[in-house]
Amino acid sequence: MAAVVVGCSGLGRKKLTPWITAAVCLTYPGTQTVLWRRGCSQYKQVTSNENMPVAMENPYKEPLKKCILCGKRVDYKNVQLLSQFISPYTGCIHGRHITGLCGKKQKEISKAIKRAQIMGFMPVMYKDPAYLKDPKVCNIRYRE
Amino acid sequence: PETAAALKRTIEALMDRGAIVRNLENLGERALPYKISAHSQQHWRGGYFLVDFYAPTTTVESIMEHLSRDIDVIRPNIVTHPLTQEVKQCDGIVPVPLEEKLYAPKKRK
């Protein structure tokens, strides 16, 4: 099935000239659905076959991609989870482009980190050495 | 010993202000992540305790004031209970069409 879009504009490029319109002709072997529309007068399609595409939502739609924390609750008390999203050298919180979290979860994580740091659960300037061996969650590469 | 007495004092103070204590959890005693200086003393180690309680919102300030006066309490914090907030429905990362990102929205002052 080949679809060819032909756009012919006589005068100027910006305005779609009303008296020459584009035409879409689909050449399907077997059916004749070749339409050429010219002129001001709009005439309906002569042949409305049952083979024309039916409007429906995409049946092959995939479920939306979820971030790693989607649907899970973030607590200021589990320091291990929170320290996975900070730098081990400076202790600064990684941005959204590094962690790959969705908007809400990134905000929740950063709020929880600040809370834990102020309350005395989590160190501020560095990462707790007990949690240095955690599996890498963020998309960051450190210099060796 | 002293920590038990301090805890008892704080819970009694809470109940005096009309708070209903639900639960008291001990999160253990460990070395603090950074040296905290409170009430002209520096502390390196501390015990963490978590108290669940129902209280009217107006008494929060008086509770905080009382706890800050207590010498045994290093860092008082009151926080809304996280379990009362429901986990909102998160479908996933919605892909933003790139055309919208091409022209940044005009900032209005």
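Residues numbered from 1 in each chain as written. Chains lettered and ligands numbered in written order. Predicted model: local features only at pLDDT ≥ 70, side-chain atom pairs only at ≥ 80, totals over all residues. Heavy atoms only, no water.

## What about the packing of aromatic side chains?
For the structure on display, the rule yields 3 aromatic pairs over all chains. Centroid distance Tyr89 of chain A to Tyr142 of chain A: 5.5 Å. Interplanar angle 80 degrees. Geometry classified as edge-to-face. Residue Tyr89 of chain A is located in the loop between helix H1 (79–83) and helix H2 (96–99), and its partner Tyr142 of chain A is located in the segment after helix H3 (103–119); the two are separated by 53 residues in the primary sequence. For the cation-ring pair, Arg30 of chain B lies above Tyr48 of chain B, with the distance from its terminal atom to the ring centre recorded as 4.4 Å. (Phe/Tyr/Trp six-rings, centres within 6.5 Å; stacked < 30°, edge-to-face > 60°. Helix = DSSP H or I, 4+ residues; strand = E, 2+ residues; numbered from the N terminus. Lys NZ or Arg CZ within 6 Å of the ring centre and 35° of its normal.)

## Comments concerning a nonpolar patch on the surface
A surface patch of nonpolar side chains, about 290 Å² in accessible area, is lined by Val124, Met125 and Tyr126 of chain A. Mapped onto the elements, Tyr126 of chain A comes out in the segment after H3. (Patch = residues over 30% accessible without salt bridge, like charges linked within 9 Å, V, L, I, M, F, W, Y side chains within 5 Å. Areas by Shrake-Rupley, 256 points an atom, 1.4 Å probe, with all protein chains shown as cover. Salt bridge = Lys/Arg side-chain N within 4 Å of Asp/Glu carboxyl O.)

## Some words on the layout of surface pockets
Computed from the structure, the largest pocket encloses a volume of approximately 1500 Å³. Along the wall of the largest pocket there are 45 residues; nearest its centre are Phe49, Leu50, Val51, Arg75 and Asn77 of chain B. Secondary structure elements with two or more residues in the lining of the largest pocket: helix H1 (2–16), strand S1 (20–38), strand S2 (41–54) and helix H2 (60–69) of chain B. Take the lining of the largest pocket: its biggest share by element is 11 residues, from S2 of chain B. Roughly 480 Å³ of volume is contained in the second largest pocket. In terms of lining residues, the second largest pocket is bounded by 18 residues, among which Arg73, Val74 and Glu108 of chain A together with Pro82 and Gln85 of chain B are the most central. Here the lining of the second largest pocket is composed, by residue class, of 6 nonpolar, 3 polar and 9 charged. (1 Å grid on protein atoms, 1.4 Å probe; cavity = no way out; pocket = protein on both sides within 12 Å on 5 of 7 lines; lining within 4 Å. Points joined across faces, edges and corners; volume = space filled by probe spheres on them. Nonpolar A, V, L, I, M, F, W, Y, C, P; charged D, E, K, R; others polar.)

## Description of the interface of chain A and chain B
Chain A puts 23 residues into the contact, and the matching count from chain B is 20 residues. Here chain A and chain B share an interface that buries about 1900 Å² over both sides, 64% of which is from carbon and sulfur atoms. By the criterion of area lost to chain B, the three top residues of chain A are Leu64, Arg73 and Met119 of chain A, representing 27% of everything that side buries. At the boundary of chain A with chain B, the tally comes to 0 salt bridges. Applying the counting rule to chain A against chain B returns 5 residue pairs in polar contact (both at pLDDT 80 or more). Looking at side-chain class alone, the side of chain A that touches chain B contains 12 nonpolar, 4 polar and 7 charged residues. (Contact = heavy atoms within 4.5 Å. Buried area = accessible area lost by both parts, 1.4 Å probe. Polar contact = N/O pair within 3.5 Å; in protein donor to acceptor, adjacent residues only side chain to side chain.)

## Details of the pairing of S1 of chain B
All names here are of chain B. As defined by bridge partners, S1 adjoins S2 across 12 bridges and the pair is classed as antiparallel. Bridged to Leu24 within S2 is Val51. Connecting the antiparallel pair S1 and S2 is a turn made up of 2 residues, with His39 showing a positive phi of about 55 degrees. (Pairing = 2+ DSSP bridges.)

## Looking at the nonpolar core
Judged by nonpolar contacts, the single largest core of 27 residues is most densely connected at Leu69, Leu82, Phe85, Ile109, Ile113, Phe121 and Met122 of chain A. Sequence-distant contacts of Leu69 of chain A, that is, excluding residues within four places in its chain, are made with Val74, Leu81, Phe85, Leu101, Lys105 and Ile109 of chain A. (Core = buried A, V, L, I, M, F, W, Y, C linked by side-chain atoms within 4.5 Å. Buried < 20%, exposed > 50% of the residue type's maximum accessible area, 1.4 Å probe, protein only.)

## Some words on the confidence of the model for chain B
Do not read the fine detail of predicted coordinates wherever pLDDT is low. Residue and element names in this part refer to chain B. Per-residue confidence for chain B averages 83 on the pLDDT scale, and 98% of its residues sit at or above 70. Helix H3 (residues 98–102) is the least confidently modelled element of chain B, averaging 71 in pLDDT, while H2 averages 88, the highest of any element. At the level of chain-chain contacts, confidence expressed as ipTM amounts to 0.81, with global pTM at 0.70. (pLDDT = per-residue confidence, 0-100.)

## Looking at the environment of Leu64 of chain A
Within the secondary structure, Leu64 of chain A sits in the loop between strand S2 (23–27) and H1. Judged by its relative accessible area of 35%, Leu64 of chain A falls in the partly exposed class. Sequence separation of Leu64 of chain A and Asp75 of chain A is 11 residues, and the distance between their C-alpha atoms is 25 Å. Every residue in contact with Leu64 of chain A, bar those within four places of it in the chain, is listed here: Asp91, Gly92, Ile93, Val94 and Pro95 of chain B.

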